[in-house]
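A closer look at the structure
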Amino acid sequence: MQNIPKHYNQAGEPNVYKLWESSGYFNPDNLEGEPFTIMMPPPNATGTLHIGHAFETSIQDILTRYHRMKGDKTLWLPGTDHAAIATNTKVEKILIKEEGKNRHDIGREAFVKKVEEFVDASRGTIQKQLRTIGASADWSREAFTFDEPRNLAVRTAFKKMYDEGLIYRGTRVINWDPKGQTSVSDDEVVHKTEKGQLYTFKYSKDFPIAIATTRPETKVGDVAVAVNPKDKRYKKFIGKEYEVEFAGTKLNIKIVADDTVDPEFGTGAVGVTPAHSITDYEIALRQNLKPVQVINEYARMIEAAGALVAGKKTKEAREIIVSWLKENGLLEKTEDIDMNIATAERSSGVIEPLPKLQWFVDVNKEFERNGKKTSLKQLMHNAVRSGGVKILPERFEKVYFNWIDNLRDWNISRQLWYGHRIPVWYKGTTIYCDIEPPKEDGWTQDEDTLDTWFSSALWTFSTLGWPKEIQDLKTFHPTSVMAPGYEILFFWVARMILMSTFLLGEVPFQVVYLHGMVRNIEGKKFSKSQGTGIDPVEVIQKYGADALRMALVVGVGPGNDSKYDEMKVKGYRNFANKIWNAARFVLQNTEDYNSPQPPLKLRETSSLTSRRGLGKKAQPKAGALLPADKKILEELDSLVKSITKQLEKFDFAHAAEDLYHYFWHTFADKIIEESKSKLADEKTRASAQLMLKTALETQLKLLHPFMPFVTETVWQLTHEDLLMIQKWP
RNA sequence: GGACGGUUAGCUCAGUGGUAGAGCAUCUCUUUGACGUAGAGAGGGUCAGAGGUUCAAAUCCUCUACCGUCCACCA
């Protein structure tokens, strides 16, 4: 006992982790009690974890360890996401760089194989990182959004929705990413503000109405001019049709009335380009206008655009048309304005709206559920409105509802090779949708793959074996808590609610605790491409996982962004050392204390579950305490109550801070200091020893969810069993 | 154009009605057997601004400014 080193050494953390993992208690099959479930938001399989993941992991591990100690049958299920677009893009980029080939050069099968190799290697890194952070997750149930069981879930979900008429195929103007060569959903479009020009012009000299646009090159695809029906200036033109010669092509322009036109903006008249604008497409649908496509998938002008610009890139075409307008005296005005450019979230390519045949989830279609009419939108709405799903912090509920209100049909098909293939086959004009391919020959499967969020949306139950009715699904679903970042509220949280309520008729989770982003000290996003990313493993090697966890959790309000500061980590490294040394003092001064019953040997018990709560046997009797020491423990007891309350409220920041404060400035600075004279006096020594031992052990338990490594390491000095499964005080 | 968050000590943040707090940083002292990755102590804020409610406002209400984020079909 005298040989306890002067400093806590975090180099021993991996051994502690091995001890936990081999104990089997990460697996709830070895635990009794009420189920408590957290599904890990699966990190992208091709990435490595950054400091934000470390934060997210810390929160979940705190919850998991707390509930495990509380006596719940606790499951934290880990996994990774195949992140179709991101992975597809990344691997193709490597392929081009290393072999000078794109995916079409090597073919679908070879490409997918390459991706899979890449993903396998990358997943291993993530698993290692999670262990380093201390994640007490059940590795035996680890899942991947693109493995066989998850693929079955995807096919099953697709078929059920298809049969219900909630998935349909149709030609719509969608967000096309020319860079990534795929369509993307509305949520994957990021608007960036850029300086641009607003051109005001007339199609031709005789045309009565001037229009304004930021994209002159699309105007060769115009079929109408829309005006507000109340606009007196243009009322007399409504319904008229004009044939115009415009920039080397002939246009047939009809003047139509549409309420969505703002008379105040520009000239109060909109040139309608149905094929290349989602809003114009909607106007066209209302007005029965036929779209004319003039731009292709590579953002080049096609034949239909006219001889002047055919074959040109959109950017060049814009310049050509602007000069044509100038030459013909049709350009009335050019203004510099701030405009919103739509870009693809993943490739940052400029979105080109195009009419395409795609698969969609219909969010408005009514269907019967429990004898009542409902829709997917309504299901999503009700899940939160009814309180079945609680969103924390509450302010995000408003954001959620706002999103649902503006929601349009979800484009789920992607023109990528890596991803879940759409379970639909064609033979001539016949369409066949099923979980398994058709038995006869002659069918060809749909080429498209599914939006990665389609499979992620099934995560809370696909991980538990659905559609198979295994015991896990019954035991652990709906899950208890989901703790993703607020930035994926729409992408993921909303869609999990959609899928779970539709497919299972129950919510996916009871609570969504949304956390904020970890930024650098200047308040900017960490960026891997700019080399400003931080590997949590490096930080952990320097300061220890406990220190990092505390630094990420303390001082961060629910749902708030935070700034990562290495000095803060250093501060909690010092705290870990403080715990170590306070424990060292207590252990050195209580060696001669006769505890009522010595701890049992770990190896003497065979059953895993019978080991739970053994630490209690070493607890001293309260009667042996003098009033002053008793009072100290009573005060500690009120801390226990307050910490417990904070954890129940997801107030990790305050719980951690209060524990820090009490341990350092009350226990170490005051209680231990005052105990020195008590220990020196035979009359008070035994009581002080009992008090110190009890107070220390109680605090180790309280601190364990936050700082699992140092607390377990200290515990192991005098116990044969694990702190991880001691009963919460 | 909507919605939300923020503005408190040099820095990072707590504090939601009752005489301004923590950590880090700064300064002074302490080589005392748990720990110098430490201990004792000190300095430092008109709580963004204006108005209002109240016996009492960092805290509640109104407005303003600035910073940040999300949503939105100004073509």
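Fair warning: this is a prediction, and the values are worked out from it, not measured in the lab.

**A short note on the overall build of chain A**
Helices and strands together make up the secondary structure of chain A, namely 21 helices and 27 strands. With respect to the three principal axes, the spread of C-alpha positions in chain A is 110 × 60 × 55 Å. For chain A, the proportion of its 729 residues judged to be buried stands at 57%. In chain A, the proportion of contacts linking residues at least 24 apart, taken out of those at least 6 apart, comes to 76%. About 31900 Å² of surface is accessible on chain A, with carbon and sulfur atoms providing 49% of the total.

**Quick word on the environment of L633**
In this fold, L633 is placed in helix α18 (residues 627-648). Looking at L633, the relative accessible area reads 15%, which means it is buried. Along the chain, L633 and V384 lie 249 residues apart, while their C-alpha atoms are 42 Å from each other. Sequence-distant contacts of L633, that is, excluding residues within four places in its chain, are made with L625, M691, T694 and A695.

**Some remarks on the protein's contact with RNA strand B**
Neighbouring RNA strand B are 38 residues; D262, F265, T279, R584 and W664 lie closest to it. Taken together, the sugar and phosphate atoms account for 61% of what RNA strand B places within 4 Å of the protein. Between RNA strand B and H665, the relevant distance is 3.5 Å, taken from a phosphate oxygen to a side-chain nitrogen or oxygen of the residue. A668 places a polar main-chain atom, nitrogen or oxygen, 3.1 Å from a base nitrogen of RNA strand B. Of all the secondary-structure elements, those providing two or more residues to the surface near RNA strand B are β8 (211-213), α10 (395-405), α17 (566-589) and α19 (652-680). Considering each element in turn, the surface near RNA strand B owes the most residues, 10 residues, to α19.

**Quick look at the environment of T213**
The residue T213 is located in strand β8 in this model. A sequence separation of 43 residues divides T213 from G170, and the C-alpha atoms of the two residues are 29 Å apart. Not counting chain neighbours up to four residues away, the residues in contact with T213 comprise Q197, L198, Y199, F201 and K219.

**Side note on the pattern of salt bridges**
Tallied over the entire structure, the rule returns 40 salt bridges. Note that E217 is salt-bridged to R215, the shortest N-O span being 3.0 Å. Of the residues examined, E217 reaches a relative accessible area of 0% and is grouped as buried. A relative accessible area of 19% means that R215 is categorised as buried. Measuring nitrogen to oxygen at the nearest pair gives 2.8 Å for the salt bridge that ties E566 to K542. Of this pair, E566 sits in helix α17 while K542 sits in helix α15 (residues 536-543); the two residues are 24 residues apart in sequence, bridging distant segments of the chain. Of the residues examined, E566 reaches a relative accessible area of 34% and is grouped as partly exposed.

**Concerning unusual backbone geometry**
Glycine aside, negative phi is the norm for most residues, and most peptide bonds take the trans geometry. A cis amide bond links L392 to the next residue, P393, at an omega of -10°. Of note, P393 is situated in the loop between β17 (390-392) and α10. The phi angle at A83 is positive, at roughly 40°, despite the residue not being glycine. Looking at where A83 falls in the secondary structure, it is placed in the loop between β3 (79-80) and α3 (84-99). Judged by relative accessible area, A83 falls into the buried class, the value being 7%.

**Things to note about the sheet that holds strand β5 (residues 167-177)**
Taken together, the four strands give an open sheet; going across it, the order is β6-β5-β14-β18, and neighbouring strands pair in antiparallel fashion. Because the sheet does not close on itself, it has two edges, and the strands there are β6 (182-184) and β18 (410-411). Here β5 runs beside β6; their pairing, made up of three bridges, is antiparallel. Its bridge partner being in β6, W176 is matched across the sheet by S183. The sheet strands contacting helix α7 (residues 278-287) are β5 and β14 (352-361), and the helix crosses β5 at an angle near 140°.

**A short note on the pairing of strand β2 (residues 73-77)**
Counted residue by residue, β2 has five buried out of five residues, so it is predominantly covered. Taking every second residue as pointing to the same face, both faces of β2 are buried, with K73, L75 and L77 on one and T74 and W76 on the other. When strand β1 (residues 35-39) meets β2, the two strands line up parallel, connected through five bridges. Its bridge partner being in β2, M39 is matched across the sheet by L77. Between the parallel elements β1 and β2, the chain passes through helix α2 (residues 51-70) in a crossover that is right-handed.

**Observations concerning a positive patch on the surface**
Positive charge collects at one region of the surface, where K90, K93, K179 and K192 lie side by side. What makes K179 exposed here is its relative accessible area of 60%.

**Here's the deal with the pairing of β14**
Counting buried residues along β14, nine of its 10 residues qualify, which places the element largely inside the surrounding structure. In this structure, β5 lies alongside β14, joined through 10 bridges in antiparallel fashion. Paired with I174 across the two strands is L354, which belongs to β14. In this structure, β14 lies alongside β18, joined through two bridges in antiparallel fashion. Across the sheet, residue V361 finds its bridge partner in β18, namely W410.

**Focus: the nonpolar core**
One finds F575, F652, F667 and F706 to be the most contacted residues of the largest nonpolar core, which totals 99 residues. Here F575 is in contact with M550, L659, Y660, F663, W664, L703 and M707, once residues within four sequence places are set aside. Formed by 62 residues, the second largest nonpolar core is a distinct cluster that contains F401, I422, L489 and F502.

**Observations regarding the confidence of the model for chain A**
Averaged over every residue, the pLDDT of chain A is 92; the share at 70 or more is 95%. Low pLDDT, under 50, characterises residues 596-620; the stretch is placed with 48 contacts to residues that sit more than four places away or in other chains. Across the interfaces of the predicted complex, the ipTM metric reaches 0.95, alongside a pTM of 0.94.

**Things to note about helix α5 (residues 108-133)**
Taking 1.5 Å as the rise per residue, α5 with 26 residues should run 38 Å; its terminal C-alpha atoms sit 37 Å apart, in good agreement. For α5, the set of buried residues is R108, F111, V112, V115, V119, S122, R123, I126, Q127, Q129, L130 and I133. Positive phi shows up at G134, right after α5, with a value of about 105°.

**Things to note about α15**
Side chains three or four residues apart in an α-helix point the same way, a direct result of the helix having 3.6 residues per turn. Of all the positions in α15, only P536, V537, V539, I540 and Y543 are classed as buried. Taken down its axis, α15 places every buried residue within 160° of arc, on the same side. Away from its buried face by more than 90 degrees, α15 exposes E538 and Q541. Where α15 is buried, its residues meet α1 (13-23), α2, α5, α16 (545-553) and α17.

**Considerations on the packing of aromatic side chains**
On inspection of all chains with the given rule, the structure shows 37 aromatic pairs. Ring geometry for Y400 against F401: centres 5.6 Å apart, planes inclined by 70°, an arrangement best described as edge-to-face. Here Y572 and Y660 contribute two aromatic rings whose centre-to-centre distance is 5.2 Å and whose plane-to-plane angle is 65°, an arrangement assigned as edge-to-face. One end of the pair, Y572, is in helix α17; the other, Y660, is in helix α19, and 88 residues separate them in sequence.

Rules of the game
Residues numbered from 1 in each chain as written. Chains lettered and ligands numbered in written order. Predicted model: local features only at pLDDT ≥ 70, side-chain atom pairs only at ≥ 80, totals over all residues. Heavy atoms only, no water. Helix = DSSP H or I, 4+ residues; strand = E, 2+ residues; numbered from the N terminus. Buried < 20%, exposed > 50% of the residue type's maximum accessible area, 1.4 Å probe, protein only. Contact = heavy atoms within 4.5 Å. Areas by Shrake-Rupley, 256 points an atom, 1.4 Å probe, with all protein chains shown as cover. Near = heavy atom within 4 Å. Polar contact = N/O pair within 3.5 Å; in protein donor to acceptor, adjacent residues only side chain to side chain. Salt bridge = Lys/Arg side-chain N within 4 Å of Asp/Glu carboxyl O. Pairing = 2+ DSSP bridges. Axes fitted to C-alpha atoms, helices over the stretch in contact; angles between N-to-C directions. Right-handed = clockwise from strand over helix to strand, strands pointing away. Patch = residues over 30% accessible without salt bridge, like charges linked within 9 Å, V, L, I, M, F, W, Y side chains within 5 Å. Lys, Arg positive; Asp, Glu negative; His and termini not counted. Charge placed at Lys NZ, Arg CZ, Asp CG, Glu CD. Core = buried A, V, L, I, M, F, W, Y, C linked by side-chain atoms within 4.5 Å. pLDDT = per-residue confidence, 0-100. Expected span 1.5 Å × (residues − 1). Arc of directions from axis to C-beta. Phe/Tyr/Trp six-rings, centres within 6.5 Å; stacked < 30°, edge-to-face > 60°.

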